[in-house]
Each structure stands twice: as structure tokens, then as C-alpha cells.
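Here are the chains, one letter per residue:
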Amino acid sequence: MQHTEMINESMRKAIDECMSCSALCEETISYCMDMPGTMMDAANLRLMMDCAAVTRTCADLMCRMSPFHSEMCAMCARVCGACAEMCEKMPRDEQLARLARACRACMNSCNAMAGAAA
């Protein structure tokens, strides 16, 4: 069976946003762990870890045109939305604000990808 489906511009955008969000999640986890005092509780750190892993996996599935990529995009959008909401509860922190914006952008792209395959 020959692979004939190609990555289109919408998917390329979603892949880029997933990878960017994953990297920013990892950076923010480190940032939070290095902050004096406890800025984040364990549940919030786990959510950022989940977001980093899910966005990375989602990008991988789209890159290889997995038949499961649309389902993964739907899950990715849910996790990114939850992570963005968590970050937005701490509006005075620029690092968390950057992550919230990246999560929202990724969520929107993944929702579009999940809907495109539906």
C-alpha cells in the first residue's frame, strides 16, 4: 500500500504548535521547580507533564499520518485546554501566561484537525 496522503498546511501548523507547546511545557515545569517556595502543586505539575507528553505524541502521529491522529488531536485539545485554564489562574506570571497562550493556540489547531477528520 502506497502512502498518498500528504501533510497539508493546517496539519503543518498543528504539528508546529504541538511541538512548540511541548517544549514550552517542559521549560515551564523546570521554571516552576526552580522557583523559591512552592508555586505549583503536584497536580498542576502533572498536568503540565501530561500536556508536554500529549502534544509531543500528537505531533508524532500527525507527522507519520497515523490513522489515529484525529483522535489524538481531540485528546490533545482537551489537555491543552485544561493546562491553559490552570495557567490562566495565575495571571501575574509571564512564563505561565506564555504557556497559556501556547496551549490555546495548540488547542485551536488540534480541534481543527480533529474536526477535519470527523
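Our subject is the structure listed above.
Only a predicted model underlies this, so the values are computations on that prediction, with no experimental measurement involved.

(A) Broad picture of the overall build of the protein chain. Secondary structure assignment for the protein chain yields four helices and zero strands. The helix and strand sequence of the protein chain, counted from the amino end, reads α-α-α-α. Whereas a compact globule of 118 residues would reach a radius of gyration of roughly 13 Å, the protein chain reaches 15 Å, a difference of no more than 12%. For the protein chain, the spread of C-alpha atoms along the three principal axes comes to 55 × 20 × 20 Å. Across the 118 residues of the protein chain, 46% fall into the buried class. Residue pairs at least 24 apart in sequence account for 71% of intrachain contacts in the protein chain once pairs closer than 6 positions are excluded. Surface summary for the protein chain: the accessible area is close to 6700 Å², and the carbon and sulfur share equals 54%.

(B) Inspection of the pattern of salt bridges at higher detail. For the structure on display, the rule yields four salt bridges. Between Glu-88 and Arg-104 there is a salt bridge whose closest N-O contact spans 2.8 Å. Here Arg-104 lies in helix H4 (residues 94-116) and Glu-88 lies in helix H3 (residues 69-88), a separation of 16 residues in the sequence.

(C) Examining helix H2 (residues 42-63) more closely. If you check H2, its first and last C-alpha atoms are 32 Å apart, about what 22 residues at 1.5 Å a residue would give, namely 32 Å. The set of residues buried in H2 consists of Asn-44, Leu-45, Leu-47, Met-48, Cys-51, Ala-52, Val-54, Thr-55, Cys-58, Ala-59, Leu-61 and Met-62.

(D) Up close: the environment of Asn-111. Structurally, Asn-111 is set in helix H4. Considered as a pair, Asn-111 and Phe-68 are 43 residues apart in the sequence and their alpha carbons are 14 Å apart.

What counts as what
- Residues numbered from 1 in each chain as written.
- Predicted model: local features only at pLDDT ≥ 70, side-chain atom pairs only at ≥ 80, totals over all residues.
- Heavy atoms only, no water.
- Helix = DSSP H or I, 4+ residues; strand = E, 2+ residues; numbered from the N terminus.
- Rg over C-alpha atoms; globule rule 2.2 N^0.38 Å.
- Buried < 20%, exposed > 50% of the residue type's maximum accessible area, 1.4 Å probe, protein only.
- Contact = heavy atoms within 4.5 Å.
- Areas by Shrake-Rupley, 256 points an atom, 1.4 Å probe, with all protein chains shown as cover.
- Salt bridge = Lys/Arg side-chain N within 4 Å of Asp/Glu carboxyl O.
- Expected span 1.5 Å × (residues − 1).

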